[in-house]
Amino acid sequence: MARQKGEQGGKESFSPSVCLSPLQSCVRSEREGTRRASLSDQITVKICLTVTMRVIIIFLLSGLLPPSLAHGQDPFAWLYGRRSEGHYIGSLQADSACPDECDCPPTFPVAMYCDGRGLTAMPTISSRIKYLYLQNNAITAVPDSAFVNATNLVWLMMHHNQLTSEAIGKKAFLKLEALERLYLQHNNLSSIPSNLPRSLRDLRINHNKIEKVTAVDVEGMDNLTILYLHDNAVTDMGTSLKALISLTLLDISSNKLTKVPEGLPEHLHQLYLESNSIDSLPEGFLGSFTQLQYVRIAHNQLTDKGIPPNTFNVTGLVELDLSFNKLERIPPVSTTLLHLYLQANQIKEFTLGSFCSIMDVTNFSKLQTLRLDGNEIGRQDIPSESSVCLRQASSIEV
């Protein structure tokens, strides 16, 4: 019998010993089919089958387990192994092509994160990488061979390093024909690197030591829309930017310019010239632009004599910043202008005609913000008619 008596209460309990050969027991039960099995025998057969199936499942699963289990190793060590190396928690390596000092997430295999790792030299870059993050390191050079395999790069972030112009190979960027974004700000460059890709759309080379920009530096960059050159030492640009037919944002503030560069691209949308030494503007300065909306010339040396009549009386302009100059009068502006900043000048009179040549119910300025604080006028100098002309101004500071 496949049953044993319990030691207490005479209850029956099932013993595993009866299934030492579960298949034989079950087969024997089938062969004895001519004799009707009792209810307890049927239960025994079902239990034997259950035990048998569990044994088979365990046997099959054991063949699927990684070898690391058989040797007492943690099968999840790959998941958190890089944590102990000082990298981001949970960062993973996509494959062996990723340098040890970088991260290549399997979920984003075309990106390589090497930022903030204390690197002093360029790492090896796989051909599959499209987005490369090398910022916040101490890299000093980019040899010609740096991107020999990485010709599919789309984004290259190398800002906040210690690069010098002499240490960048003349052919380093030559084969990056798909590159769209190049960030080189906060380095020690004295010139724009040679042979930059013509595919660039966004070039940021601010906070360096660049003194001059030539046409050769940006030759063929027909797709460039954003150019950050601010916080350098540029004294002359000539007409170097004229060929940038797609440029919409140009920031050349905080340089050493004494005049507005000639031949600026006509499709500019934003022009930032603040913190230079510009004392005058050319005739028809804004007339050649078709889409210009934001102009900032604050912190310069502009005087009334240096601004031709009606220079700023052009439609389309949204914001004009002339603060921290040497103006004594409010220059005439378009009635469509929305924001005007004139604080910290030497203005002595509130001339309402600078905003409205005609004042009636239908003719008024759309100006919303007007700052005149830090000048030589006060609120008592604002004409009473200003409530008609400047009816949409929500803020007038004097």
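Residues numbered from 1 in each chain as written. Predicted model: local features only at pLDDT ≥ 70, side-chain atom pairs only at ≥ 80, totals over all residues. Heavy atoms only, no water.

What to know about the overall build of the protein chain
Next, step 1: When its secondary structure is counted, the protein chain shows five helices and 15 strands.
Next, step 2: Put simply, the protein chain has 398 residues, and 41% of those count as buried.
Next, step 3: Element-wise, carbon and sulfur atoms account for 52% of the exposed surface of the protein chain, whose accessible area totals about 21600 Å². (Helix = DSSP H or I, 4+ residues; strand = E, 2+ residues; numbered from the N terminus. Buried < 20%, exposed > 50% of the residue type's maximum accessible area, 1.4 Å probe, protein only. Areas by Shrake-Rupley, 256 points an atom, 1.4 Å probe, with all protein chains shown as cover.)

What to know about unusual backbone geometry
Most peptide bonds take the trans form, and the phi angle of most residues other than glycine is negative.
Next, step 1: The phi torsion at N195 lies on the positive side, around 55°, for a residue other than glycine.
Next, step 2: With respect to the element layout, N195 can be found in the loop between β6 (181-183) and β7 (202-204).
Next, step 3: A residue is classified by how much of its surface remains accessible, and N195, at 41% relative accessible area, is partly exposed.
Next, step 4: The phi dihedral of S275 is positive, around 60°, even though this residue is not glycine.
Next, step 5: Mapped onto the secondary structure, S275 falls in the loop between β10 (270-272) and β11 (294-296).
Next, step 6: Overall, the relative accessible area of 29% leaves S275 in the partly exposed class.

A short note on the pattern of salt bridges
Next, step 1: Applying the stated rule across the entire model yields eight salt bridges.
Next, step 2: Measuring nitrogen to oxygen at the nearest pair gives 3.0 Å for the salt bridge that ties R117 to D103. Separated by 14 residues along the polypeptide, R117 in the loop between β3 (111-113) and β4 (131-133) and D103 in the loop between α4 (77-80) and β3 bring together distant segments of the chain.
Next, step 3: Since its relative accessible area comes to 19%, R117 is described here as buried.
Next, step 4: In this structure D103 comes out as buried when scored by relative accessible area, which is 2%.
Next, step 5: We note a salt bridge from D373 to R371, for which the minimum N-O separation is 2.7 Å.
Next, step 6: Residue class for R371 comes out partly exposed when judged on its relative accessible area of 25%.
Next, step 7: The structure contains a network of salt bridges with shared partners spanning R371, D373 and E397. (Salt bridge = Lys/Arg side-chain N within 4 Å of Asp/Glu carboxyl O.)

As for the side chain of N325
Next, step 1: Residue placement: N325 occurs in the loop between β12 (319-321) and β13 (339-341).
Next, step 2: Within the structure, the side chain of N325 is placed 3.3 Å from the backbone nitrogen of Q301, a separation counted as a polar contact.
Next, step 3: The residues touching N325, leaving out its near neighbours within four places in the chain, are I297, A298, H299, N300, Q301, L302, A344 and N345. (Polar contact = N/O pair within 3.5 Å; in protein donor to acceptor, adjacent residues only side chain to side chain. Contact = heavy atoms within 4.5 Å.)

Some points on the state of the cysteines
Simply put, the disulfide is a covalent bond whose two ends are the sulfur atoms of two cysteines.
Next, step 1: Using the criterion set out here, one finds three disulfides in the structure.
Next, step 2: Here C98 is linked by a disulfide to C104, with a sulfur-sulfur distance of 2.0 Å. Judged by the torsion about the S-S bond (80°), the C98/C104 disulfide is right-handed.
Next, step 3: The buried category is assigned to C104, whose relative accessible area is 0%.
Next, step 4: Note that C356 is cross-linked by a disulfide to C389, the S-S spacing being 1.9 Å. Residues C356 and C389 share a disulfide whose torsion about the S-S bond is about 90°; that sign makes it right-handed. With a gap of 33 residues between them, C356 in the loop between β13 and β14 (369-371) and C389 in helix α5 (residues 386-389) connect regions that are remote in the sequence.
Next, step 5: With a relative accessible area of 0%, C389 lands in the buried category. (Disulfide = S-S within 2.5 Å.)

Here's the deal with the packing of aromatic side chains
Next, step 1: In total, this model carries six aromatic pairs according to the counting rule given.
Next, step 2: Over the ring of F364 we find K366, and its NZ or CZ is 5.7 Å from the ring centre. (Phe/Tyr/Trp six-rings, centres within 6.5 Å; stacked < 30°, edge-to-face > 60°. Lys NZ or Arg CZ within 6 Å of the ring centre and 35° of its normal.)

A look at the side chain of N161
Next, step 1: Tracing the backbone through its elements, the reader meets N161 in the loop between β5 (155-157) and β6.
Next, step 2: There is a polar contact of 3.4 Å between the side chain of N161 and the backbone nitrogen of A138.
Next, step 3: In terms of polar contacts, N161 uses its side chain to reach the backbone carbonyl oxygen of H159, at 3.4 Å.
Next, step 4: Beyond its immediate stretch of four places on either side in the chain, N161 contacts L134, Q135, N136, N137, A138, I139, H186 and N187.

Observations concerning the environment of L153
Next, step 1: Its place among the elements puts L153 in the loop between β4 and β5.
Next, step 2: Note: C-alpha distance between L153 and L176 (23 residues apart in sequence) is 6.4 Å.
Next, step 3: If sequence neighbours within four positions are ignored, L153 has contacts with I129, K130, Y131, L132, F147, L176, A178 and L179.

Points about the confidence of the model for the protein chain
Next, step 1: Counting all residues, the mean pLDDT for the protein chain is 84, and 76% of those residues have values of 70 or more.
Next, step 2: A low-confidence stretch, residues 1-40 (pLDDT under 50), is modelled with 30 contacts involving residues beyond four sequence positions or located in other chains.
Next, step 3: Every residue in residues 63-94 is under pLDDT 50, and counting partners more than four places away or in other chains gives 41 contacts. (pLDDT = per-residue confidence, 0-100.)

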